[in-house]
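This is what each chain is made of:
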Amino acid sequence: MTEEMTVNEYIRMHFETRAIHAGQDPDPGTGAVVPPIHQTSTFHVPDPGQPGEYRYSRVGNPTVERLEEAMAALEDAEFALAFGSGMAAITAALSTLQAGDHLLCTRAVYGTTYSVLREHLSRYGVEHDFVDLVEGDVQDVEAAMRPNTRLIWIETPTNPLLRVIDIARMAEIAHGHGALLGVDNTFASPYFQNPLSLGADLVMHSCTKYLGGHSDLVAGVVVMNDGDLRDALHRTRRLTGGILGPFDAWLLHRGVKTLPVRMEAHQRNAFTVARFLDGHARIKSVHYPGLEGHPQHELARRQMRGFGGMVAMEMEGGPEAARGFVAALRVFTSAVSLGGVESLAEIPWFLTHKSMQDTDVAIDPATVRLSVGLEHPDDLMADLDQALAASGG
């Protein structure tokens, strides 16, 4: 890789090659195989009357742009824009809407995305409805569309219950009404799913999760093929200051290189965990798209190349049983977030989805979400087993 390659050239390569080489051309000044971090806020402008390519890191930074090149290559996209967090990326994407526009959102949605719609965008005259885009009839979705609907927003698999939404069908409905489709692809990662290839217009990742992979950074990205949409999002980022810092961009780019091997290992362990929990006397239900009993298993097989590392379950005994179980875990850490090398457990009702309590989109307070890490599966099984026994009452 001694000559710079275009995004299109990288897209023709296998995913593993793209993950390692896209945006990672050797430094032209020194030949360093790993490009340097441009840890600077400002850049020298040789001609005061003619700013060069770079002048201020809120506007653009070479380290961030190398990461964006890599993210575009991984999602088979023309453009990518990095943000300071997943929520900054989502908010920028939703901010393409204007007063009087209408957004249709899946009822199965991350709690903070729900809050942004209810508490933030609604203040600026953007209307929204929550619709069951997982189990709902297509006619119900069509009926929920309005003349002013400009965007359908989904996540698939959903957080936390791992429901799967038909991306191609949602894109068909959106485009039939002159709207765009945005997809939160965080749980699948670009290794297991590429929504743009299924008709989506915007794809968002909380890079804090699988893309970074080591629980040591906060970042987000939006990828797309439309240049005008890219320019609108770039302007939003420049004006609102949601840029990703160069050091976090460098860490994230390093994490991306091992994404394929990590995702395969996450999936192997998640399958082991899901099969262990499925049918356990203390577990009411288990949610993992890879299980044949999952209601959207066949859809997941069609639109995904793998099923990911997240598992959710509802426990017998209600929320107190769930709290006792999580408190008894020793290898799994009780913490929010997901996608790191270490296994995490949380109760969404109290943490990530707290804002949805006492609403018609609330989830079961006995739900436990597991981010299955890369520890040895025998140790994970032993930990789950002892915690189920210890919290059995």
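First, a word on what this report is: a plain description of the structure on this page. All residue numbers refer to position in the chain's written sequence, counted from 1. Only residues with pLDDT of at least 70 are given local features in this predicted model, and only at 80 or more are side-chain atom pairs given and counted; all residues enter the totals for whole chains, interfaces and linings. Here the side-chain values reflect all heavy atoms present in the structure, with hydrogen atoms and water set aside.

By convention, a stacked pair of Phe, Tyr or Trp rings (six-membered ring in the case of Trp) has centres within 6.5 Å and planes under 30 degrees apart, an edge-to-face pair has planes over 60 apart, and any other such pair is tilted. With the rule as written, the count across this model stands at 8 aromatic pairs. Ring centres of Y114 and F130 lie 5.0 Å apart, and the angle between their planes is 35°; this geometry places the pair in the tilted category. Residue Y114 is found in helix α5 (residues 111-120), and its partner F130 is found in strand β3 (residues 127-131); the two are separated by 16 residues along the sequence. Any residue under 20% of the maximum accessible area for its type is buried, any over 50% is exposed, and the rest in between are partly exposed; the area is computed with a 1.4 Å probe on protein chains only. By relative accessible area, which is 18% here, F130 ends up buried. Ring-pair connections join several aromatic residues into one group, and the members of that group are F15, Y191 and F192. Two limits define a charge over a ring: the Lys NZ or Arg CZ must be within 6 Å of the ring centre, and within 35 degrees of the ring normal. It is R237 that lies over the ring of F83; its NZ or CZ is 5.9 Å from the centre. The way it works is that DSSP assigns letters per residue, a run of H or I at least four long becomes a helix, a run of E at least two long becomes a strand, and they are numbered from the N terminus.

The subject of this paragraph is a nonpolar patch on the surface. Here a patch means residues that are over 30% exposed by relative accessible area and free of salt bridges, tied together within 9 Å if like-charged and within 5 Å if nonpolar (Val, Leu, Ile, Met, Phe, Trp, Tyr). The accessible surface values rely on the Shrake-Rupley method and a 1.4 Å probe; as for residues, cover is taken only from the protein chains in view. Think of a salt bridge as a Lys or Arg side-chain nitrogen and an Asp or Glu carboxyl oxygen that are within 4 Å of each other. On the surface, V336, F350 and L351 cluster together into a nonpolar patch covering about 240 Å² of accessible area. Within the fold, F350 resides in the loop between β11 (344-346) and β12 (367-371). The partly exposed category is assigned to F350, whose relative accessible area is 34%.

Attention shifts here to a negative patch on the surface. Two residue types count as positive, namely Lys and Arg, and two as negative, namely Asp and Glu; His and chain ends fall outside the count. Throughout, a charge is located at the NZ atom of Lys, the CZ atom of Arg, the CG atom of Asp or the CD atom of Glu. A cluster of acidic residues, D132, E135, D137 and D140, forms a negative patch at the surface. Structurally, D140 can be placed in helix α6 (residues 138-144). Looking at D140, the relative accessible area reads 46%, which means it is partly exposed.

Taken as a whole and judged by the stated rule, the model has 10 salt bridges. When the shortest N-O distance is used, the salt bridge between D76 and R18 registers 2.6 Å. Of this pair, D76 sits in the loop between α3 (62-74) and β1 (79-83) while R18 sits in helix α2 (residues 15-21), and the two are 58 residues apart along the sequence. A relative accessible area of 32% means that D76 is categorised as partly exposed. R146 is the salt-bridge partner of D129, the closest N and O atoms lying 2.8 Å from each other. Within this pair, whereas D129 is found in strand β3, its partner R146 is found in the loop between α6 and β4 (149-155), the two being separated by 17 residues in sequence. Through salt bridges with shared partners, a single ionic network connects E127, D129 and R146.

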